[in-house]
Amino acid sequence: MMTVPIILDIEASGFGSGSYPIEIGFSGRHGEGWCSLIRPEAEWTHWDLDAARVHGIPREVLIERGNSVQFVAEQLNFFLGGRTVYTDGWGQDYVWLANLFESAQIVQKFTLADLYEIIDDDQLPDWEATKQQIIQELRVARHRASSDARVLQLTWLRTYDEAKKQTV
């Protein structure tokens, strides 16, 4: 029996050395979403203007409205503890998530895995077109963590279903 994957997405201050997570969101097995802005730690100063143009989250908003790294880490463990969670940007997201939990001084209680580990070759040909169709259907206007996670989850589901129909 197929299990709907939990998809996690992270928006960040930029890429590479010194970058840090600014928003984390996920789409759960039943499509329920969770998302949180993250208040930057004092030593988190890197801010890439190109990344800011993509996610559209001003640093001031993070400082004013973001949750503490401790709160975000505790919530992620509460909702995701013991589960495997998938991301389409594993190389970067793994580092940002480790940074979050290390800064919070909390042990991560779930596994982050690469979404491409569970995408069958049969799903790949239609992946990008399906993803764009879902973005239009959901009217996703912003590049934000929870909506990006939901789009990826629905893309996985739809391409999985189509691939299975073709093999029957």
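These numbers were taken from a predicted model, which means no experiment stands behind them. (Residues numbered from 1 in each chain as written. Predicted model: local features only at pLDDT ≥ 70, side-chain atom pairs only at ≥ 80, totals over all residues. Heavy atoms only, no water.)

Engineer: What is the right way to read the overall build of the chain from this model?
Structural biologist: Summing up its helical and strand segments, the chain has six helices and five strands in all. At 16 Å, the chain has a C-alpha radius of gyration in line with the 15 Å of a compact globule built from 168 residues. By residue count, 44% of the 168 residues in the chain fall in the buried class. Partitioning the intrachain contacts of the chain with sequence separation of at least 6 by distance along the chain shows that 71% fall at a separation of at least 24. In the structure as shown, the chain presents an accessible area of about 9,100 Å², 50% of it carried by carbon and sulfur atoms. Taking the average place of the 15 positive charges on the side chains of the chain and the average place of its 25 negative ones, the gap between the two points comes to 7 Å. (Helix = DSSP H or I, 4+ residues; strand = E, 2+ residues; numbered from the N terminus. Rg over C-alpha atoms; globule rule 2.2 N^0.38 Å. Buried < 20%, exposed > 50% of the residue type's maximum accessible area, 1.4 Å probe, protein only. Contact = heavy atoms within 4.5 Å. Areas by Shrake-Rupley, 256 points an atom, 1.4 Å probe, with all protein chains shown as cover. Lys, Arg positive; Asp, Glu negative; His and termini not counted. Charge placed at Lys NZ, Arg CZ, Asp CG, Glu CD.)

Engineer: Just checking my understanding: could you explain the pattern of salt bridges for this structure?
Structural biologist: Think of it this way: side chains of opposite charge can pair up when their charged atoms draw near. In the structure shown here, the tally under the stated rule is three salt bridges. A salt bridge links Arg53 to Asp50, with the nearest nitrogen and oxygen atoms 2.5 Å apart. You can see Arg53 and its partner Asp50 sitting in helix H1 (residues 49-55), three residues apart, about one turn around the helix. The salt bridge involving Arg158 is made with Glu137; its shortest N-O contact spans 2.9 Å. One end of the pair, Arg158, is in helix H6 (residues 145-167); the other, Glu137, is in helix H5 (residues 124-138), with 21 residues separating them in the sequence. For Arg158, a relative accessible area of 31% gives the class partly exposed. (Salt bridge = Lys/Arg side-chain N within 4 Å of Asp/Glu carboxyl O.)

Engineer: Would you mind showing me how to read the pairing of strand E5 (residues 111-114) here?
Structural biologist: Regular strands have side chains that alternate between both faces of the sheet. Across four bridges, strand E4 (residues 84-87) lies against E5 in parallel orientation. Bridge pairing links Thr87 to Asp114 in E5. One crossover worth recording links E4 to the parallel E5 by way of helix H4 (residues 90-104), and it is right-handed. (Pairing = 2+ DSSP bridges. Right-handed = clockwise from strand over helix to strand, strands pointing away.)

Engineer: Honestly, the packing of helix H3 (residues 69-80) against H4 in this entry has me stumped. Any pointers?
Structural biologist: Running from amino to carboxyl end, H3 crosses H4 at an angle of 115 degrees, the nearest separation of the two axes being 8 Å. It follows that H3 is roughly perpendicular to H4 by the angle criterion. Note on packing geometry: the crossing formed by H3 with H4 is left-handed. Facing Val69, Gln70, Val72, Ala73, Leu76 and Asn77 of H3, the residues of H4 in contact are Leu97, Leu100, Phe101, Ser103 and Ala104. Residue composition of the contact of H3 with H4, grouped by class: eight nonpolar, three polar and no charged. (Axes fitted to C-alpha atoms, helices over the stretch in contact; angles between N-to-C directions. Parallel < 35°, antiparallel > 145°, perpendicular 65-115°, else oblique. Left-handed = near helix turned anticlockwise from the far one by under 90°. Nonpolar A, V, L, I, M, F, W, Y, C, P; charged D, E, K, R; others polar.)

Engineer: Would you mind going over the nonpolar core with me for this structure?
Structural biologist: Generally speaking, a soluble globular protein has its nonpolar side chains buried in company with each other. The biggest cluster of nonpolar side chains holds 28 residues, and the ones touching the most others in it are Leu8, Ile24, Leu76, Leu80, Leu97 and Leu100. Not counting residues within four places of it along the chain, the set of residues in contact with Leu100 comprises Pro21, Ile24, Ile38, Trp44, Val69, Val72, Ala73 and Leu76. The next biggest cluster of nonpolar side chains, apart from the first, holds 15 residues, and it includes Val4, Tyr86, Leu115 and Leu152. (Core = buried A, V, L, I, M, F, W, Y, C linked by side-chain atoms within 4.5 Å.)

Engineer: What am I meant to see in the pairing of strand E1 (residues 6-12) here?
Structural biologist: Within E1, seven of the seven residues are buried, leaving the element largely enclosed by the surrounding structure. Of the two faces of E1, the one carrying Ile6, Leu8, Ile10 and Ala12 and the one carrying Ile7, Asp9 and Glu11 are both buried.

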